[in-house]
Amino acid sequence: MPQKDFVNIALIGAGFMGRTHSNAWGQVSRFFKTPIKPVMHTAFALPEENPQAMGKWGWQNFSTDWQKTVASPDIDLVDIVTPNFMHAPPAKAAIAAGKNVACEKPIAGTLTEARDMADAAKKARVKSFVWYNYRRCPAVAMAHKLVKQGAVGDIRHVRAFYLQDWADDSIPLVWRFDKKLAGSGAHGDLNAHIVDMTRFVTGQEITTIVGAIAETFVKERTLMAGSAAGGIAAGIKSGSGKGKVTVDDTVLFLARFSGGAVASFEAARQATGNQNRNGFEINGTKGSLKFNFEDMNRLSFYDATRPREVQGWTEIMCTHGGSHPYVDAWWPDAHIIGYEHAFTNMAFDILKVLAGQDPTVPIPDFADAYQTQRVLEAVLLSADKHEPVKLADVK
Ligand code: NAI
Ligand code: SOE
């Protein structure tokens with residue numbers, strides 16, 4: 001059968017990520033030479049969100065019934081942007097209907113769901129993708145390329161952090177604070193990104209969690225009132241008074257990578273003054289790299305192979321079209337890009353993979369995101385038991 005030159009997409013969810021993905025699907029063919037055309041076919045939203053409101057992004061049809069939408073023969077790719085507990089049900093339904101699936105991170109709320117999703121996608125031979133979008137910041141993709149070229153030598157030390165400060169005690173009990181809905185707190189939300197990002201940049205797997213600590217500082221939060229508990233917080237307990245927080249606010253851990261490097265990871269939602277400080281430092285025998293998303297176009301590189309008297313940090317603006325990944329599609333040098341561009345870059349790579357081409361840099365599928373989920377699980381086990389956990393023991 002000849003390959004279609006378009007892909008009909010169904011978006012499942014209409015919150016924050018509903019907007020970023022809609023923007024990405026809408027923009028991608030304007031900026032990139034896409035091998036197939038993304039058609040924004042149907043957007044699902046909860047009834048109280050007014051699905052038609054998604055029309056402003058370019059969606060052509062609207063649904064309040066995700067089961068019907070993912071099963072529709074019109075749809076080729078199901079893109080899932082719901083809270084974590086609602087990743088596996090639409091993903092598995094879509095795979096059962098033979099659709100390709102893209103899903104937000106973490107791949108699932110639990111390791112079992114993540115494994116089921118990866119197994120189902122493999123068995124059905126559908127294409128799957130997980131939106132670990134920070135891989136597709138040009139500076140992070142460049143770090144991956146530099147490590148692959150040997151520019152930092154043997155990696156000895158990885159330091160990764162994802163610090164936010166939005167979760168003070170004025171924030172009500174939204175789904176992100178409920179273990180049944182989110183799986184975990186800052187851990188699955190933020191450590192998930194830096195585990196993925198460091199696996200991607202180093203090209204290595206985490207083999208051991210040496211130790212971990214998890215803490216919940218705000219133990220109760222105000223319940224969402226009445227129907228306000230619908231919409232973005234569907235599934236959460238509502239009412240008056242307070243409800244129990246069942247996830248962490250902060251998780252720190254130490255780990256070992258397969259190439260021998262030692263590593264530290266930090267995720268916190270109450271790191272006052274840090275709004276989205278998501279980054280890494282990678283120190284190798286020949287050089288080092290530093291990235292911080294709050295200055296996302298910049299990659300710091302220290303080349304220790306240069307004569308000692310001229311060694312120093314090089315601040316690379318990753319905005320040069322001829323040299324830096326994805327930038328050809330965007331603006332001239334130092335006409336910088338922002339948060340949403342990494343999602344559009346990802347949409348481009350999804351379309352390339354669907355068309356049988358290689359992505360610009362490796363893209364995580366369900367099997368790959370399952371490896372990140374194993375690390376997340378091992379960390380929680382380590383924090384719980386106060387002992388090291390080998391990844392080989394977490395399946
Ligand atoms: P959100 O709360 O803003 O929106 C979630 C949407 O899911 C709602 O608007 C609704 O349309 C839908 N929904 C909620 N409950 C539902 C239910 N019971 N059944 C069906 N649909 C339901 O959440 P947000 O921030 O968009 O997060 C969604 C996912 O995206 C999460 O998995 C989160 O971890 C991930 N995320 C990823 C980011 C990234 O950087 N890649 C950034 C923010 C979120
Ligand atoms: C909230 O902490 C959040 O939106 C996360 O869910 C994302 O994954 C992160 O990239 C930005 O912050």
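Coordinates for the structure precede this section.
All figures in this text were calculated on a predicted structure; none of them were measured in a lab. (Residues numbered from 1 in each chain as written. Chains lettered and ligands numbered in written order. Predicted model: local features only at pLDDT ≥ 70, side-chain atom pairs only at ≥ 80, totals over all residues. Heavy atoms only, no water.)

Enquirer: Please clarify how the pattern of salt bridges should be interpreted in this entry.
Expert: Where charged atoms from two side chains of opposite charge come close, those side chains can pair. Within this structure, the stated rule accounts for 14 salt bridges. When the shortest N-O distance is used, the salt bridge between Asp349 and Arg136 registers 2.8 Å. Pair noted here: Asp349 is in helix H8 (residues 339-354) and Arg136 is in the loop between strand S6 (128-130) and helix H5 (138-148), with a separation of 213 residues, a long-range link. Look at Arg136 and you get buried, because its relative accessible area is 0%. In this structure, Asp189 engages Arg269 in a salt bridge whose closest nitrogen and oxygen atoms are separated by 3.3 Å. Of the two residues, Asp189 sits in helix H7 (residues 186-202) while Arg269 sits in the loop between strand S12 (262-268) and strand S13 (277-284), which places them 80 residues apart along the sequence. (Salt bridge = Lys/Arg side-chain N within 4 Å of Asp/Glu carboxyl O. Helix = DSSP H or I, 4+ residues; strand = E, 2+ residues; numbered from the N terminus. Buried < 20%, exposed > 50% of the residue type's maximum accessible area, 1.4 Å probe, protein only.)

Enquirer: How do you make sense of the site of ligand 1 when you look at a structure like this?
Expert: Surrounding ligand 1, one finds 29 residues, the nearest of these being Met17, Glu49, Asn84, Asn133 and Arg176. A distance of 2.9 Å is found between a nitrogen atom of ligand 1 and a side-chain nitrogen or oxygen belonging to Glu104. Here an oxygen atom of ligand 1 and a backbone polar atom of Lys105 are 2.9 Å apart. Coverage of ligand 1 by the protein amounts to 93% of the 840 Å² it exposes when considered alone. The set of elements that each furnish at least two residues to the shell around ligand 1 consists of helix H1 (16-31) and H7. (Near = heavy atom within 4 Å. Polar contact = N/O pair within 3.5 Å; in protein donor to acceptor, adjacent residues only side chain to side chain. Areas by Shrake-Rupley, 256 points an atom, 1.4 Å probe, with all protein chains shown as cover.)

Enquirer: Honestly, the site of ligand 2 in this entry has me stumped. Any pointers?
Expert: If you check the shell around ligand 2, you find Phe16, Lys105, Tyr134, Tyr162, Gln164, Trp166, Arg176, Asp189, Leu190, His193 and Asn276 and nothing else. The separation between an oxygen atom of ligand 2 and a polar side-chain atom of Tyr162 is 2.9 Å. Top contributing element to the shell around ligand 2 by residue count: H7, with 3 residues. The residue inventory of the shell around ligand 2, partitioned by class, reads 5 nonpolar, 3 polar and 3 charged. (Nonpolar A, V, L, I, M, F, W, Y, C, P; charged D, E, K, R; others polar.)

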